[in-house]
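What the coordinates show
Single-letter residue listing:
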Amino acid sequence: MSPVEARDAAFAEPTLPRANGAPVFDAPWQARAHAMAVLVVERTGRTWDDFRARLIGAVTESPDRPYWESWVAALDDLVDESVGGLSGGAVPGGAVPGAAGDGPGAR
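Here's a quick rundown of the structure. (Residues numbered from 1 in each chain as written. Predicted model: local features only at pLDDT ≥ 70, side-chain atom pairs only at ≥ 80, totals over all residues. Heavy atoms only, no water.)

A short note on the nonpolar core
- By size, the foremost hydrophobic cluster in this structure holds 18 residues, and its most contacted members are Ala37, Trp48, Phe51 and Trp71.
- Residue assignment for this core shows that the elements contributing at least two residues are helix H2 (28–44), helix H3 (48–61) and helix H4 (67–82).
- In this structure, Ala37 is in contact with Trp48, Phe51, Trp71 and Leu75, ignoring residues within four places of it in sequence. (Core = buried A, V, L, I, M, F, W, Y, C linked by side-chain atoms within 4.5 Å. Buried < 20%, exposed > 50% of the residue type's maximum accessible area, 1.4 Å probe, protein only. Helix = DSSP H or I, 4+ residues; strand = E, 2+ residues; numbered from the N terminus. Contact = heavy atoms within 4.5 Å.)

A look at the packing of H2 against H4
- Look at H2 against H4: their axes get within 10 Å of each other, and the N-to-C directions meet at 25 degrees. On the basis of their axis angle, the class for H2 and H4 is roughly parallel. Our pair here, H2 against H4, has a crossing hand that is left-handed. Contact residues: Trp29, Gln30, Ala33, His34, Met36, Ala37, Val40, Val41 and Thr44 in H2; Trp68, Glu69, Trp71, Val72, Leu75, Leu78, Val79 and Ser82 in H4.
- Among the residues forming the contact of H2 with H4, the class breakdown is twelve nonpolar, four polar and one charged. (Axes fitted to C-alpha atoms, helices over the stretch in contact; angles between N-to-C directions. Parallel < 35°, antiparallel > 145°, perpendicular 65-115°, else oblique. Left-handed = near helix turned anticlockwise from the far one by under 90°. Nonpolar A, V, L, I, M, F, W, Y, C, P; charged D, E, K, R; others polar.)

So, H2
- Across its 17 residues, H2 extends 24 Å between first and last C-alpha, which sits within 8% of the 24 Å expected from 1.5 Å per residue.
- Gly45 lies just past H2 and shows a positive phi near 75 degrees. (Expected span 1.5 Å × (residues − 1).)

Regarding the pattern of salt bridges
- Enumeration according to the criterion identifies five salt bridges in this entry.
- Among the ionic pairs, Glu81 bridges to Arg54, the shortest N-O distance being 2.6 Å. Residue Glu81 is found in helix H4, and its partner Arg54 is found in helix H3; the two are separated by 27 residues along the sequence.
- Counted as one network, the salt bridges with shared partners bring together Arg46, Asp50, Arg54, Asp77 and Glu81. (Salt bridge = Lys/Arg side-chain N within 4 Å of Asp/Glu carboxyl O.)

Section: the packing of aromatic side chains
- Within this structure, the stated rule accounts for seven aromatic pairs.
- Geometrically, the ring pair formed by Trp68 and Trp71 is tilted, given 4.8 Å between the ring centres and 50 degrees between the ring planes. Taken as a pair, Trp68 and Trp71 lie in helix H4 at a separation of three residues, close to a single helical turn. (Phe/Tyr/Trp six-rings, centres within 6.5 Å; stacked < 30°, edge-to-face > 60°.)

Printed below as a string of structure tokens:
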């Protein structure tokens with residue numbers, strides 16, 4: 001998948017919260033999680049449907065979990081599979097690396 005195709009697919013994701021057709025992020029870490037998903041899909045040659053399937057699984061597994069925490073869980077799963085478990089659970093409990101003070105727990 002080309003970078004343009006990955007970006008277009010990510011922004012066309014029907015599950016993204018939207019306002020006036022544009023994706024809505026309540027906190028900076030959510031926009032970063034979105035961007036990381038686009039980059040992982042783009043750089044690993046995966047398809048957006050690969051990520052989407054993981055997102056659906058994460059939401060189904062924990063339907064009461066906030067949407068963006070499910071997004072991060074799906075991203076972690078895709079990274080683990082794409083790079084052979086390199087992340088080693090790098091986002092435990094839905095924490096977003098580098099998002100000090102604005103992660104899922106900071107509401």
